[in-house]
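Structural overview
Here is what each chain is made of, one letter per residue.
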Amino acid sequence: MEKHLFGLDGLRFLAAIAVVGFHFLFRGEAAGDLPQMPLPEMLKSAAAYGYLGVSIFFVISGFVILYSAEGRTPLEFFVSRFVRIYPTFIVMMTVTALVVVVAANPRFEVSLGQYGANLVVFSLLLGEPFVDGAYWSIVLELVFYGWIFLLLVIRRLDDIETIAFGWLALSFANEAFFQVRLLQDALITEYSGFFVAGIALQRLGKGVTPARLLLLGLSLSYGVFTSLRAASWFEAEYGSALSRPVVAAAVLGGAALFALIARVDLPRRFWGPLKLAGGATYPLYLVHQHVGYVAIPPLAALIHPGVAILLVAAGILAFAFAYHVLVERSAMPALRARLYRLLQPLAPALDRRAS
């Protein structure tokens, strides 16, 4: 049985809080989704860098997904990822849609067709926008899961280091020279450096080799490269300047923090709170943005906007924790076992394809 990495639960939660801060303290106002807030400019400027928390999510995924895939059959991996991602996505997407419809904020609308398309997650392929813009990163996560699943099916997961070198090379060529949208979507070329950094860190835990150190160095260099390029888009989109050294330091610092805590054996008294925080991160990420955008303005009209933001964020956080404890912890294990039994007849077919 794989060892649970409690330190990564805490890092995942911190990354989610950074993203929430980015949306509520910076992006909402900058994009016109929230009214102008009389908050300290220093606070807004600091919150602007919170979007980099998503990069930490991708590093964690590269590490954890490879870590959890080892020793599993393709079917076991598929069921584990499906149960972890899809049911909560549907619930939180539905909650967001209902809140948006009830709030009747003219900036946010959800049509029946849009809701139906979001049921398959990849709604953009059906010509419908996401119910919440934060879902873009979930799509990239699912694409990454798909490639890991394929490697399990063809029994090439042990070649992941060689494959990762090729992935980085192709990603750099596409982003620096070609800009082929199909490759960006299918191979996550804009963010592959972060996934590969997680892969390299996972492999380094098995032993330090020059090739693994090179893979980590190249992946982080590429992650800095793409982050600096994205900073230009950010400035054009939101009309706010970003410090390039701060962006680079955040990327490298986040990876260094990850490396420090990934294998640390924490005292047992921290295990429960950290696991709870890590478990609540996914529903928190899915439900916070548009729900917050429609909840904050009416409350900010009654009390200080800063207090309104804190209250809304605390309410959403409490909801995420409650959902994780009352639904995910209680229902998901049984759902996972039932789905595995249902799909068990497919296992021999996957084994034949892999042989």
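Located above this text is the structure these notes cover.
Presented here is a report on the structure given in the accompanying data block. (Residues numbered from 1 in each chain as written. Predicted model: local features only at pLDDT ≥ 70, side-chain atom pairs only at ≥ 80, totals over all residues. Heavy atoms only, no water.)

Things to note about the side chain of Ser171
- Relative to the helices and strands, Ser171 resides in helix H7 (residues 160-178).
- For Ser171, a relative accessible area of 0% translates into the label buried. (Helix = DSSP H or I, 4+ residues; strand = E, 2+ residues; numbered from the N terminus. Buried < 20%, exposed > 50% of the residue type's maximum accessible area, 1.4 Å probe, protein only.)

Thoughts on the environment of Val307
- Following the sequence through the fold, Val307 ends up in helix H13 (residues 305-343).
- Along the primary structure Val307 and Phe194 are separated by 113 residues, whereas in three dimensions their C-alpha atoms are 35 Å apart.

So, unusual backbone geometry
- Within the chain, Ala104 stands out as a residue other than glycine whose phi angle is a positive 55°.
- Tracing the sequence through the fold places Ala104 in the loop between helix H4 (74-103) and helix H5 (112-118).
- Despite not being glycine, Gln179 shows a phi value in the positive range, around 55°.
- Topologically, Gln179 is positioned in the loop between H7 and helix H8 (181-187).

Topic: the environment of Phe194
- With respect to the helices and strands, the residue Phe194 is situated in helix H9 (residues 192-204).
- In this structure the C-alpha to C-alpha distance between Phe194 and Val251, which are 57 residues apart in sequence, comes to 9.1 Å.
- For Phe194, the residues in contact, after removing those within four places along its chain, are Ser55, Phe58, Val59, Gly223, Thr226, Ser227 and Val251. (Contact = heavy atoms within 4.5 Å.)

Re the packing of helix H1 (residues 6-30) against H13
- Look at H1 against H13: their axes get within 12 Å of each other, and the N-to-C directions meet at 140°. The interaxial crossing formed by H1 with H13 has right-handed handedness. Residue-level contacts link Phe13, Phe24 and Leu25 of H1 to Ile309, Ala313, Ile316, Leu317 and Phe321 of H13.
- Tallied by class, residues from the contact of H1 with H13 come to eight nonpolar, no polar and no charged. (Axes fitted to C-alpha atoms, helices over the stretch in contact; angles between N-to-C directions. Left-handed = near helix turned anticlockwise from the far one by under 90°. Nonpolar A, V, L, I, M, F, W, Y, C, P; charged D, E, K, R; others polar.)

As for the pattern of salt bridges
- By the definition in use, this model includes 13 salt bridges.
- For Arg84, the salt bridge is made with Glu328, and the minimal N-O distance between the two is 2.8 Å. Of this pair, Arg84 sits in helix H4 while Glu328 is found in helix H13, placing the two residues 244 residues apart along the sequence.
- The salt bridge involving Arg156 is made with Asp159; its shortest N-O contact spans 3.8 Å.
- Residue classification places Asp159 among the partly exposed positions, given a relative accessible area of 35%.
- Each of the salt bridges in this network shares a partner with another, and the network as a whole consists of Glu70, Glu161, Arg203, Lys206 and Arg212. (Salt bridge = Lys/Arg side-chain N within 4 Å of Asp/Glu carboxyl O.)

Considering the side chain of Glu161
- For Glu161, the position within the fold is in helix H7.
- Of note is the side chain of Glu161, whose polar atom sits 3.0 Å from the side chain of Arg212.
- Residues contacting Glu161, with those up to four places away along its chain left out, are Arg203, Arg212 and Leu215. (Polar contact = N/O pair within 3.5 Å; in protein donor to acceptor, adjacent residues only side chain to side chain.)

Notes on the packing of aromatic side chains
- Summed over the entire model, instances satisfying the criterion amount to 33 aromatic pairs.
- Considering the side-chain rings of Phe172 and Phe177, the 6.1 Å spacing of their centres and the 90° angle between planes classify their relative orientation as edge-to-face.
- Phe172 gets classed as partly exposed once you look at its relative accessible area, which sits at 39%.
- Through a chain of ring-to-ring contacts, three or more aromatic side chains come together here, namely Phe22, Phe26, Tyr51, Trp233, Phe234 and Tyr238.
- Over the ring of Tyr145 we find Arg81; its NZ or CZ atom is 5.5 Å from the centre of that ring. (Phe/Tyr/Trp six-rings, centres within 6.5 Å; stacked < 30°, edge-to-face > 60°. Lys NZ or Arg CZ within 6 Å of the ring centre and 35° of its normal.)

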